[in-house]
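Chains, contacts and geometry: an overview
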Amino acid sequence: MVDFLRDFIHILRSSDLRVSTSESIDAMNVVSEIGLEDRSLLKQSLSFSLAKTLREKEIFSECFDNFFEENYMNINEDKLPQKNNEKDSEINDPDALDKNENSLEELYNNSDRTSLMTAMALAARDANLQDIRLFTQVGMFTRKIFDEMGLEKLNNDIFQASREGNSKREEDLKNIRENLRLEIREYIENQVKLRTSNTGKQLREDALSQMRLTQADKSDYKIMSGIIKKMARRLISVHSRRKRKSQRGLLDIRSTIRANQEYDGILFETVWKKTKVDRPKIVALCDVSGSVANVSRFFLMFLHSLTEILPNVRTFAFSNKAGEVTDLFENKDIEVAAAETLLLNGGGSTDYGQAFVDLEGLLENNIDRKTTVIVLGDARSNYGDPRCDVLKTIQEKSKRILFLNPEPKSVWGTGDSEMLRFVPYCSKSKVCSSLFDLERVVDDMLRSSI
Amino acid sequence: MSNNKTSSNGSAKDLIENIQSNFEKQGYICNTHIATAIFLSQSLGKPILVEGPPGVGKTELAKATAEWMEKPLIRLQCYEGLDEAKALYEWKYGKQLLYTQVLKDKLNQIVSKSDSLESSIENLNNFDDIFFSEKFLEPRPLLKAIESENGSVLLIDEIDKSDDEFEAFLLEILSDYQVSIPEIGTIKGKVKPIVFLTSNNTREIGDALKRRCLHLYIPFPDPFLEEKIISSRVPEIDKNLKIQLVNFVQGLRNLDLKKLPSVSETIDWARSLVLLNVKTLEPSLVRETLNILLKFQTDIDVSDPEIDNLIEKSKK
C-alpha cells in the first residue's frame with residue numbers, strides 16, 4: 001500500500017501537482033480508512049487530500065485514471081500477496097526465484113494479462129523504473145526489466161530447443177520473447193509518458209521566461225500566458241502584504257481617548273490612524289507594430305492580470321494612431337483581448353510623435369502627479385518627428401515616465417531609433433526583452449509606487 | 001492489515017451512505033462525494049475547506065452537519081480587518097478594572113503584615129494574581145469552539161475575505177486544535193471540533209492553510225441532483241414543471257453570464273412559480289420572473305434572446 005501510494009504521489013508531483021509530505025501522510029490515512037477495493041470511492045477520497053484546486057483536481061483525475069489503468073490492474077488480489085511472496089522468497093527461499101523465472105513462459109501462455117502486468121510492475125520496481133527521466137532510456141529499462149522477469153531462463157530454453165533441433169518450440173519461444181519485449185517496451189513508454197510529462201514542460205517554461213520575446217513562437221503563447229499568470233500571482237501575494245503593512249499610520253490620540261472612555265479613561269485600546277495609500281495610477285502606451293508586438297502583447301496581459309493590486313490601469317496601443325484598449329481587457333479573456341488589440345491597432349508604420357499626441361489628447365486632464373506613464377516600444381519612429389515636446393508635457397504632468405525598450409542598449413539611437421532623444425524625459429529607461437525582464441520591471445514599479 | 005482494511009471498507013461505505021441519508025432527512029441533498037468528505041474529515045480529524053461558486057450550499061453543509069451530529073454550530077464570518085480580538089478572545093477590561101480596585105484594598109492587608117520591604121515583596125510574589133486569567137477571558141467563536149465540552153461544529157465562513165495575517169493565525173488552531181494566549185499559555189481542546197472553511201475563491205488561499213485541510217470542491221449540481229433538491233425543498237411543485245425548470249436553469253448556466261444562477265436561486269424561483277400557480281414554462285412568464293434567477297441587468301439582457309430556445313429545449 002505504501003509502495004503504491006509513494007509511486008502515485010511521485011507521478012502526481014511530476015505532473016506539476018505539489019504534494020507535501022503532510023498531504024501524503026493524510027493520503028495514507030485516507031487509504032487506511034477507505035481501503036483499496038472501491039476504485040471510485042478511493043479516487044474521490046484521495047482527491048480531498050491530494051488535489052486542492054479545481055485545476056489540480058483535473059490533473060489528479062487524469063493521473064489517477066492513467067496510473068490505475070496501467071499499473072495496478074488488480075491491486076488487492078494480485079499485487080499485494082505477490083509482493084509478500086516475493087519478499088519472503090528473497091529472504092528465505094532462493095529456489096522460489098527459479099520458480100518465478102519458470103513462469104515467464106507460462107505467464108505468457110496463460111495469456112492472463114493481469115498477472116503479466118503485475119509481474120511487469122514488480123520487475124519495474126526492482127529495476128527502479130521510477131527514476132526514468134528521458135525517452136532515450138527506454139531501451140535500457142526494457143532490458144533491465146526483461147532480465148528481472150527472467151529473460152535468461154527463456155534464452156536458455158531457446159538455446160536448448162535449438163540444440164535439440166526442436167525448431168517448432170524454438171520458434172514459439174522466440175515469438176514469446178519478441179512479444180514480451182514489445183509488451184514491456186510499451187509499458188515503459190507509457191510510464192515515461194506518465195512520469196515525465198511535466199519535467200519537459202518545466203524546462204521549457206524556464207527557457208521561455210528567459211527567451212527574447214521578439215522571437216517567441218505562436219505555439220508557445222499558451223505556455224507563456226500560463227507563466228504570466230504564475231508571475232502575476234506571485235507579485236500579487238508579495239505586494240498585497242506590503243500594502244497592508246503600510247496602511248497603519250500614527251496613533252490617533254483623540255479616538256483612542258474616546259474609545260477608552262468605558263474603561264474609566266484608562267487607555268487599554270489603541271486606535272491608529274490610517275495612512276492613505278495612494279493607489280498608483282498607471283497609463284501604459286504600447287507599440288504593437290510588428291517588431292515589438294510580442295513584447296507588448298505579454299506586457300498588456302501582465303498588467304491586466306494584476307488588477308488586484310493595480311486597480312487603476314489604463315492601456316493604450318498604437319502603431320501609427322493610439323487607441324485605448326482598457327475595455328477590451330476588462331471585458332474579455334486576456335488572451336482574446338491581446339489578440340484583438342494587435343488586430344485593431346497593429347499593422348501601420350510606427351509613429352511615436354503621433355502616438356504621444358494622441359495619448360495626450362485621449363487622456364486630457366487625467367494625468368496627475370500620481371500617474372506613472374509606461375511607454376513600451378523600440379522607439380523606431382520611421383524618421384518621423386518624435387515630438388519630444390509632447391513627451392515633455394506628459395512628463396511635467398505625471399509622476400514619472402518609464403520607457404521599456406526590447407532592444408539592447410547598444411543599438412539605441414542607431415538608424416531611425418529615437419531612443420536617445422526620449423531618455424532625458426524618462427525617469428527610467430530599461431531594456432525589457434523577456435518575460436523575466438517584464439516581471440522584474442513590474443515588480444520594481446510596484447515597489448516604488450507604494 | 002489487508003483483513004482490517006476489508007472490514008473497515010465495508011463499514012466506511014455504510015457510514016458514508018448513512019451520512020448521506022441522514023442529510024437527506026434534514027433536507028440537505030448531497031452526492032456521495034460530499035458525504036465521503038464529511039466522513040473523512042470526521043475519521044481523520046481534519047478541517048474541510050469547501051470551495052465552489054456562490055449558492056451551492058457550502059454554508060448549508062456545515063449547518064446540516066451540525067444538526068446531524070447534534071452539536072452546536074459556531075459560526076465565524078470573515079471580513080477584511082478581522083483580527084484575534086474578534087475571532088479568538090478578548091479581555092474583559094471592565095472586570096479587570098474592578099479587580100484592580102478590589103486588589104488595592106487587599107494589597108494593604110497583604111503588605112501591612114510584613115514590616116520589611118523584602119518580605120512585602122515576598123508576600124506580593126506569593127499572592128495569586130488573576131489579572132490575566134481565564135476568569136477575565138471573553139471567548140470569541142474560535143476559542144468557544146475549542147473549549148466546548150462536547151465538541152462543536154465550527155464554520156469559518158468566507159475565509160477568502162479575511163486578511164493574510166488572519167489566515168496565518170488560523171494555522172495553529174487548524175493543525176493542533178489549540179490556542180496560544182501569551183499571558184496564560186496554551187489552551188487545548190478536549191474534543192476536536194469539526195471545522196468547515198468556506199471560500200468563494202475571490203483570492204487564492206495560502207498553501208499552508210490548504211495543506212492542513214481536506215479540500216472539497218462543490219460544483220453546480222447535475223440535473224438529477226438539482227431535481228432532487230427542488231423536490232425536497234419545494235415538495236408541492238408539479239413534476240413536469242420541476243423537470244422543465246431544472247433543465248432551463250442548467251441551460252442558463254451554459255450561457256456567458258456574469259453571475260450564474262445558484263441552487264438557492266433555483267429554489268426561490270421554484271417557490272415563486274408555485275405561488276403563481278404555474279403549470280408549464282411560458283416565455284412571457286419566464287421573462288417576468290427572470291430577475292429572481294439573474295441579478296445583473298446585463299445578464300438578463302444577454303439571456304433574453306436565448307429564452308425561447310432554452311424553454312423549447314427544456315420541454316424535451
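Residues numbered from 1 in each chain as written. Chains lettered and ligands numbered in written order. Predicted model: local features only at pLDDT ≥ 70, side-chain atom pairs only at ≥ 80, totals over all residues.

**Topic: the overall build of chain B**
Quick note on the threshold: The numbering of helices and of strands both runs from the N terminus, where a helix is a DSSP run of H or I of at least 4 residues and a strand a run of E of at least 2. Exposed residues have 12 or fewer other C-beta atoms within 10 Å of their own C-beta, buried residues have 20 or more, and residues in between are partly exposed; the C-beta atoms are placed from the backbone. C-beta atoms are first placed from the backbone for all residues, and any pair lying within 7 Å is then listed as a contact.
For chain B, the helix and strand inventory stands at 15 helices and nine strands. Each of the 316 residues in chain B was classed as buried or not, and the buried ones make up 31%. Put simply, 78% of the contacts in chain B that link residues at least 6 apart link residues at least 24 apart.

**Overview of the overall build of chain A**
From N to C terminus, chain A includes 20 helices and eight strands. When burial is assessed residue by residue, chain A has 35% of its 450 residues classed as buried. Long-range contacts, defined here as pairs at least 24 residues apart, represent 73% of the contacts in chain A between residues at least 6 apart.

**Quick notes on unusual backbone geometry**
You will see that Tyr-383 of chain A, though not glycine, has its phi angle at about 60°, which is positive. Relative to the elements of secondary structure, Tyr-383 of chain A occurs in the loop between β6 (371-376) and α18 (388-397). Judged by C-beta crowding, with 10 C-beta atoms within 10 Å, Tyr-383 of chain A ranks as exposed. The backbone of Glu-70 of chain B sits at a positive phi, close to 55°, despite the residue not being glycine. Residue placement: Glu-70 of chain B occurs in the loop between α3 (58-69) and β2 (73-77). Of the residues examined, Glu-70 of chain B has 7 C-beta atoms within 10 Å and is grouped as exposed.

**Re the sheet that holds β6 of chain A**
Residues and elements named next belong to chain A. Where we set the bar: By definition, two strands form a pair when at least two bridges between them are found by DSSP. Note on method: axes are straight lines fitted to C-alpha atoms, helices fitted across the in-contact stretch only, with angles between N-to-C directions ranging 0 to 180 degrees.
Spatially, the six strands line up as an open sheet ordered β5-β4-β3-β6-β7-β8, and their pairing is mixed. Single-partner strands in this sheet number two, and they are β5 (322-324) and β8 (428-431). Strand-to-strand, the axes of this sheet are offset by a mean angle of 20°, without reference to chain direction. Strand direction decides the pairing type here: strand β3 (residues 281-287) and β6, joined by six bridges, are parallel. Counterpart to Ala-284 in the pairing with β6 is Ile-374. Those strands touched by helix α17 (residues 352-363) are β3, β4 (312-318) and β5, and its axis lies near 35° from that of β5.

**Here we look at helix α2 (residues 32-44) of chain B**
Residue and element names in this part refer to chain B. Which entries qualify depends on this criterion: Between the first and last residue of a helix there are one fewer steps than residues, each counted as 1.5 Å, and that sum is the expected span.
In this model α2 runs 18 Å from its N-terminal to its C-terminal C-alpha over 13 residues, within 8% of the 18 Å that 1.5 Å per residue would give. Within α2, burial applies to Ile-34, Ala-35, Thr-36, Ala-37, Ile-38, Phe-39, Leu-40 and Ser-41. Backbone geometry just downstream of α2 places Gly-45 in the positive-phi region, at approximately 65°.

**Observations concerning the interface of chain B and chain A**
For the record, the criterion: Each residue gets one of three labels, nonpolar for Ala, Val, Leu, Ile, Met, Phe, Trp, Tyr, Cys and Pro, charged for Asp, Glu, Lys and Arg, and polar for the others, Gly among them.
Facing 26 residues of chain B, the contacting portion of chain A comprises 31 residues. Broken down by secondary-structure element, the contributors of at least two residues to the side of chain B that touches chain A are α1 (2-25), α2, α5 (93-113), α9 (207-211) and β9 (214-217) of chain B. At seven residues, α1 of chain B tops the list of elements feeding residues into the side of chain B that touches chain A. Considering only residue class, the side of chain B that touches chain A consists of nine nonpolar, nine polar and eight charged.

**A word on the environment of Tyr-93 of chain B**
Inspection of the secondary structure assignment puts Tyr-93 of chain B in helix α5. Residue classification places Tyr-93 of chain B among the partly exposed residues on the basis of 17 C-beta atoms within 10 Å. Between the C-alpha atoms of Tyr-93 of chain B and Phe-131 of chain B, which are 38 residues apart in sequence, the distance is 10.0 Å. Beyond its immediate chain neighbours, meaning those up to four positions away, Tyr-93 of chain B contacts Tyr-263 and Phe-268 of chain A.

**A closer look at the confidence of the model for chain B**
Residues and elements named next belong to chain B. The condition that has to hold: Each residue gets a pLDDT score, which is the predictor's confidence in that residue and runs from 0 to 100.
For chain B, per-residue confidence averages 85 on the pLDDT scale, and 97% of positions sit at 70 or higher. Overall, residues 1-8 carries pLDDT values under 50, and its contacts beyond four positions in sequence, including any with other chains, amount to seven contacts. Prediction confidence for the complex, expressed as pTM and ipTM, is 0.67 and 0.79 respectively.

**Re the packing of helix α14 (residues 293-305) of chain A against helix α16 (residues 334-345) of chain A**
The packing of two helices is summarised by the inter-axis angle and the distance between the axes. Residue and element names in this part refer to chain A. Rules: When an angle is under 35 degrees it counts as roughly parallel; over 145 it counts as roughly antiparallel; between 65 and 115 it counts as roughly perpendicular; any other value is oblique. Left-handed is the label given to a crossing in which the near helix is rotated counterclockwise from the far helix by less than a right angle, and right-handed is the label when the rotation is clockwise.
Put simply, α14 and α16 touch, their axes get as near as 10 Å, and they point 140° apart. Overall, the two elements α14 and α16 adopt an arrangement that is oblique. For the pair α14 and α16, the sense of crossing is right-handed. Contacts from Ala-293, Arg-297, Leu-300, Met-301, His-304 and Ser-305 of α14 reach α16 at Ile-334, Ala-338, Thr-341 and Leu-342.

**Brief notes about the environment of Ile-34 of chain A**
Of note, Ile-34 of chain A is situated in helix α2 (residues 21-34). Between the C-alpha atom of Ile-34 of chain A and that of Ser-45 of chain A, which follows or precedes it by 11 residues, the distance is 7.7 Å.

**Points about the nonpolar core**
What counts, and what does not: Remark: nonpolar core denotes a set of buried Ala, Val, Leu, Ile, Met, Phe, Trp, Tyr and Cys residues whose joining runs through C-beta atoms within 7 Å.
Counting 88 residues, the largest nonpolar core has Leu-12 of chain A together with Leu-142, Ile-156, Phe-196 and Leu-216 of chain B as the members making the most contacts within it. At six residues, the largest contribution of residues to this core is made by α2 of chain B. Once residues within four sequence positions are removed from consideration, Phe-196 of chain B is found in contact with Ile-48, Val-50, Leu-61, Ala-62, Leu-155 and Ile-156 of chain B. Formed by 63 residues, the second largest nonpolar core is a distinct cluster that contains Ala-317, Leu-328, Ile-367 and Leu-376 of chain A.

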